[in-house]
Amino acid sequence: MPRWRIRGYPALRPHATVEGMEPHHPATADGPSAPEHPAAHPKAPAPCGRWARFAPGLAACAVAAAAALSVAPFLTGVSPLLLAILLGVAGRNLLGVPASWAAGVQVSAKKLLRTGIVLLGLQLSLSEILGLGAGTLLVAVASVGITFAATLWTGRLLGIEPSQRLLIASGFSICGAAAVAATESATEAEEKDVVTAIGLVVLFGTLMIPLVPFLGTTLGMPQEALGLWIGASTHEVAQVVAAGGAVGSAALAVAVAVKLARVLMLAPVIAGIGWHRRRTQAEAGAGKRPPIIPLFVLGFIVAMLLRTAGFLPTQFLDAATWLQTALLTAAMFALGLGVHLRGLATVGGKPVVLALVSTLVILAVSLGGTLLFPPAS
């Protein structure tokens, strides 16, 4: 994620002097004070001036998000999030990033991202997910848990830094780029690690769009069972929709429901990461410790409970879904602007190996679970 510092206004010095003049002294009981020099008290910036510095970067992210949202529907299996981050990478490396964008891009990469994740909770209804049945839920939970743990363990063997291991593990086991971004917010990982993890999720998830339906058809799996395998293994929601739709409507319905069950795991996983960081920093004697559950994760849970309550109108949920996608798309463009391709060249092949292992693990675990607990036809 970009590490731009938003510079504030310099502190005023009430006793500033001007060459050839005595410093100003406040009034005393003996008499009035000397006239003040105008330069000693400059005008405070107007509120609109403070906010204006965010406008260029936010406007750039909004334009890029609009472009990605407009083009993505014409590209099968490609989400606007992917297009936005590619636009950001291209802009950074081909055109450069104006300094005036820094403040707005930082807001997009942090605040808009977390707001989008909160709204993601409105897509999840606990009653609908519980309606999948115990066997299907067990497949979803096992796919996330085993893949997450295996990715962390393999990454440690490969000598990959803990933050990058966490990013890849969450992205490949839960819900792709959104999970990577949520994990970054809980770990403060470097932007090169974030974009590497997102790029790997996109690459391997895209390869799974034709692969999983082909393998399932070769194995003679019914549509519902194949939908379960697709939903429990494929990384991005858009990739799940593309793969499930290629099989049939029955497979698509199961695949999307199972994928949303995996998205539900985002809250406990991020909370677990926060708890671990808090305990680690306490043992190291660090000063300020991170919260056990980040505020945006609490918002995610509240949004999910509101959706489960069932009183939110359909029009509101549709608008929230669109807004959530738009916010995450703008945030992905901001993340892409932080990627310098020359810097990525130093990453090496270890993250690619870890991504391959993670993909094979989730394919194997979800297939085994599907064969053990096939959904009712």
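Residue positions are given per chain, counted from 1 along the sequence in the order it is written. Local features in this predicted model are restricted to residues of pLDDT 70 or higher, and side-chain atom pairs are both shown and tallied only at a pLDDT of 80 or more, whereas totals for entire chains, interfaces and linings draw on every residue. Water and hydrogen atoms were dropped before computing side-chain values, which therefore reflect all heavy atoms in the structure.

## Points about the layout of surface pockets
Let me state the cut-off plainly: Points on a 1 Å grid, built from protein atoms alone, make a cavity when a 1.4 Å probe fits but cannot get out and make a pocket when they are open with protein on both sides within 12 Å along at least 5 of 7 lines; residues with an atom within 4 Å of a point are the lining residues. Grid points are joined across faces, edges and corners, and a volume is the space filled by probe spheres set on the points. Helix and strand assignments follow DSSP, with helices taken as H or I runs no shorter than four residues and strands as E runs no shorter than two, numbered in order from the N terminus. Three residue categories are used. Nonpolar comprises Ala, Val, Leu, Ile, Met, Phe, Trp, Tyr, Cys and Pro, charged comprises Asp, Glu, Lys and Arg, and polar comprises the others, including Gly.
Considering only enclosed or pocket space, the largest pocket measures out at about 630 Å³ in volume. Looking at the lining of the largest pocket, the element that brings in the most residues is helix H15 (residues 314-336), giving five residues. Its residues assigned to classes, the lining of the largest pocket comprises 19 nonpolar, six polar and one charged.

## Things to note about helix H17 (residues 350-372)
One turn of an α-helix holds 3.6 residues; hence residues three or four places apart share an orientation. The criterion, for reference: Each residue after the first adds 1.5 Å to the expected span of a helix. Per-residue accessibility, obtained with a 1.4 Å probe over protein chains only, is compared with the maximum for each type, and a residue is labelled buried under 20%, exposed over 50%, and partly exposed between these values.
Between its first and last C-alpha atoms H17 spans 33 Å; for 23 residues at 1.5 Å apiece the expected length is 33 Å, and the two agree. Along H17, the residues that are buried comprise Pro 351, Leu 354, Ala 355, Ser 358, Thr 359, Val 361, Ile 362, Leu 363, Ser 366, Leu 367, Gly 369 and Thr 370.

## A word on the environment of Ala 68
Defined as follows: Residue contacts follow a heavy-atom distance rule, with two residues in contact if any of their heavy atoms lie within 4.5 Å.
Within the element layout of this structure, Ala 68 appears in helix H2 (residues 55-71). The exposure class of Ala 68 is buried, given its relative accessible area of 1%. Separated by 265 residues in sequence, Ala 68 and Phe 333 place their C-alpha atoms 9.4 Å apart. Residue contacts for Ala 68: discarding those within four places in its chain leaves Pro 80, Leu 83, Ala 84 and Thr 329.

## A closer look at the nonpolar core
Where a protein is soluble and globular, its nonpolar side chains tend to be buried together. As a reminder of what qualifies: Grouping buried Ala, Val, Leu, Ile, Met, Phe, Trp, Tyr and Cys residues that are joined through side-chain atoms within 4.5 Å yields what is termed a nonpolar core.
Of all hydrophobic cores here, the largest spans 77 residues; its most connected members are Ile 117, Leu 124, Ile 198, Leu 266, Ile 270, Phe 300 and Met 332. Top element by residues in this core is helix H9 (residues 191-218). It accounts for eight residues. When near neighbours in sequence (up to four residues on either side) are disregarded, Leu 266 contacts Ile 117, Ile 174, Ala 179, Ala 182 and Phe 300. Counting 14 residues, the second largest nonpolar core, distinct from the first, contains Ile 209, Val 212, Leu 226 and Ala 243.

## Remarks on the pattern of salt bridges
Let me state the cut-off plainly: For this analysis, a salt bridge means a side-chain nitrogen from Lys or Arg found within 4 Å of a carboxyl oxygen belonging to Asp or Glu.
Taken as a whole and judged by the stated rule, the model has one salt bridge. With its nearest N and O atoms 3.9 Å apart, the salt bridge here joins Glu 128 to Arg 307. With Glu 128 in helix H5 (residues 126-130) and Arg 307 in helix H14 (residues 295-309), this residue pair connects regions lying 179 residues apart in the sequence.

## Describing the packing of helix H8 (residues 177-187) against H9
Where we set the bar: Angles run from 0 to 180 degrees between N-to-C directions of axes, and those axes are lines fitted to C-alpha atoms, restricted for helices to the stretch in contact. Throughout, the term roughly parallel applies to angles under 35 degrees, roughly antiparallel to angles over 145, roughly perpendicular to angles from 65 to 115, and oblique to all others. Crossing handedness: left-handed means the near helix sits turned counterclockwise from the far one by under a right angle, and right-handed means the same turn made clockwise.
Look at H8 against H9: their axes get within 9 Å of each other, and the N-to-C directions meet at 165 degrees. With respect to H9, the element H8 is oriented roughly antiparallel. Between H8 and H9 the crossing geometry is right-handed. Here Ala 177, Val 180 and Glu 184 of H8 lie close against H9, whose contacting residues are Val 194, Ala 197, Ile 198 and Val 201. A class-by-class count of the residues in the contact of H8 with H9 yields six nonpolar, no polar and one charged.

## Notes on the confidence of the model for the chain
The following threshold applies: What pLDDT conveys is the predictor's confidence in a given residue, as a value from 0 to 100.
Averaged over all residues, the pLDDT of the chain is 81; the fraction at 70 or higher stands at 81%. Within the model, pLDDT remains below 50 along residues 1-41, and this stretch shows 48 contacts once partners closer than five positions in the same chain are excluded.

## A short note on a nonpolar patch on the surface
Going by this rule: Here, patches come from residues exposed beyond 30% relative accessible area and free of salt bridges, joined within 9 Å for like charges and within 5 Å for nonpolar side chains (Val, Leu, Ile, Met, Phe, Trp, Tyr). Areas reported as accessible are Shrake-Rupley estimates using a 1.4 Å probe. Residue values count occlusion only from the protein chains shown.
Residues Val 71, Phe 74 and Leu 75 make up a contiguous nonpolar surface patch of roughly 320 Å² in combined accessible area. Within the secondary structure layout, Leu 75 lies in the loop between H2 and helix H3 (80-95). The class for Leu 75 is partly exposed, based on a relative accessible area of 36%.

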